[in-house]
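Summary of structural features
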Amino acid sequence: MIKEYKTLKEVAGPILIIDKVSDVKYEELVEVELADGSIRRGRVLEITDTQAVVQMFEDTRGINLESGKARFIGKTMEIGVSTDMLGRVFNGSGKPKDGRPEIVPEKRMDINGIPLNPYARDYPNDFIQTGISTIDGLNTLVRGQKLPIFSGAGLPHSDIAAQIARQAKVKSEEGSSEKNPFVVIFGAMGITFEEANFFIEEFKKTGAIERAVLFLNLANDPVVERITLPRLALTTAEYLAFEKDMHVLVILTDITNYCEALREIGAARKEIPGRRGYPGYLYTDLSTLYERAGRVKGKKGSITQIPILTMPEDDKTHPIPDLTGYITEGQIMLSRELYRQGIQTCVDVLPSLSRLKDKGIGEGKTREDHSSVLNQLFAAYARGKEVRELAVILGEAALSAVDKNYLEFANSFEEKFVKQGRDEDRSIEETLTIGWDLLSILPKSELKRVKDEHIKKYLSTK
């Protein structure tokens, strides 16, 4: 039996405290009825012997503690999912934002997901081609991986996210008859109207929206929606991947706004803060999002995650990137220095890392020379950057002939390999060809990380 309570005690920001409650469960949905009969929804965050702390999904202004009524409806927050969601735009509560009618759900699922038995997980090992050389060539994304992008304020992470969403595709093993559909689920939290419009138009312009689901929470939307939005996106992804056998790429931006919302709610609950004012459970909370990526044995579909976060003051030791790095399998770092040089896809390859890249490259997946070219490009670019710093101190005249080759390599690498147009979709073969062209700048005696047979087959001599 649904009970109705008139014991609303206190409102603080998005938090409502209800007194003298009984038989209330954690995460249970709540309906608060205002004096004018309108309904606002929330969920139970915390329970004591007699009180329930409720996180409201909508604005708490206008809630009268004397006349308001609360109903605990006995179930957790769910989303109705369906393949009809493809091509649609939703808000942070899962309601249509594109002016079209609500979908008819094929199934209703709890947004918190179901814990996945670690033994049931399958190892990620299939290459995903993003069309961006610095990711495909040097920090390869593998199907089922979680690989975040660490950006900074003002850097073009939105453009890169849109480019990945448009261009990403699974490159199956040669001879494989796998034809599972590849779809993108895009979740944006706390973005401006201009950014939201940019993403919608980008998807529509290229037709990518037909294989995408967009969840958008604007900066002026309720803060609490930023907590539910990634869970709505990931629940939709789980349905499409594990019940409809689709390969799903989930892009979440901006995780920093998500963590700020957690901090705001924690402050309203008067919690003891952790590092830099963020909740002490930030690591645990982030893991409930990131660990929903992966593959399951016996299922054809998969979930690959690319969370995007802006590092406050470009500080990678900040709690958000720091904890994210512990949970995820690498990171893609964007460089302000490269962006100032006019390089739009400004990925800084040296501090970037994909821990699973070795599982998604090689013969039958990309090409047999991929691993050795990757290692040689990394080593040569690192040496070239060292030489560049040396040249600033001593001058170019003091450099040896080999050092000058490395300096030329570093400059050409940034100009030809890292730099890429917004609509430039490079295949892995094109990326590796550019890599070999750059390696031809160096003497053959310096190519110590590539096999002789690969040099004979692929190296173009000047």
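Right, let's walk through the structure included here.

Quick notes on the rules
- Residues numbered from 1 in each chain as written.
- Predicted model: local features only at pLDDT ≥ 70, side-chain atom pairs only at ≥ 80, totals over all residues.
- Heavy atoms only, no water.
- Core = buried A, V, L, I, M, F, W, Y, C linked by side-chain atoms within 4.5 Å.
- Buried < 20%, exposed > 50% of the residue type's maximum accessible area, 1.4 Å probe, protein only.
- Helix = DSSP H or I, 4+ residues; strand = E, 2+ residues; numbered from the N terminus.
- Polar contact = N/O pair within 3.5 Å; in protein donor to acceptor, adjacent residues only side chain to side chain.
- Contact = heavy atoms within 4.5 Å.
- 1 Å grid on protein atoms, 1.4 Å probe; cavity = no way out; pocket = protein on both sides within 12 Å on 5 of 7 lines; lining within 4 Å.
- Points joined across faces, edges and corners; volume = space filled by probe spheres on them.
- Nonpolar A, V, L, I, M, F, W, Y, C, P; charged D, E, K, R; others polar.

Grouped together as the largest cluster of nonpolar side chains are 73 residues, with contacts concentrated most on I164, L249, I251, F409 and F413. Element by element, the count of residues in this core is highest for helix α9 (residues 370-394), at 8 residues. In terms of nonpolar packing, the next biggest core, distinct from the first, is built from 57 residues, I103, L240, L252 and A261 among them.

A word on the side chain of D285. Positionally, D285 belongs in helix α6 (residues 282-290). A distance of 3.5 Å separates the side chain of D285 from the side chain of R231, its partner in a polar contact. Ignoring any residue separated from it by four or fewer positions in sequence, one finds D285 in contact with R231, Y258 and L262.

What follows deals with the layout of surface pockets. Reported here for the largest pocket is a volume of approximately 550 Å³. Along its surface, the largest pocket is lined by 20 residues, and G113, I114, P115, L116 and E238 are the ones closest to its centre. When contributions to the lining of the largest pocket are tallied by element, the ones reaching two or more residues are β10 (107-110), α4 (225-242) and α6. The element contributing the most residues to the lining of the largest pocket is β10, with 4 residues. Partitioning the lining of the largest pocket into residue classes produces 7 nonpolar, 4 polar and 9 charged.

Distances and angles like these do not, on their own, reveal function.
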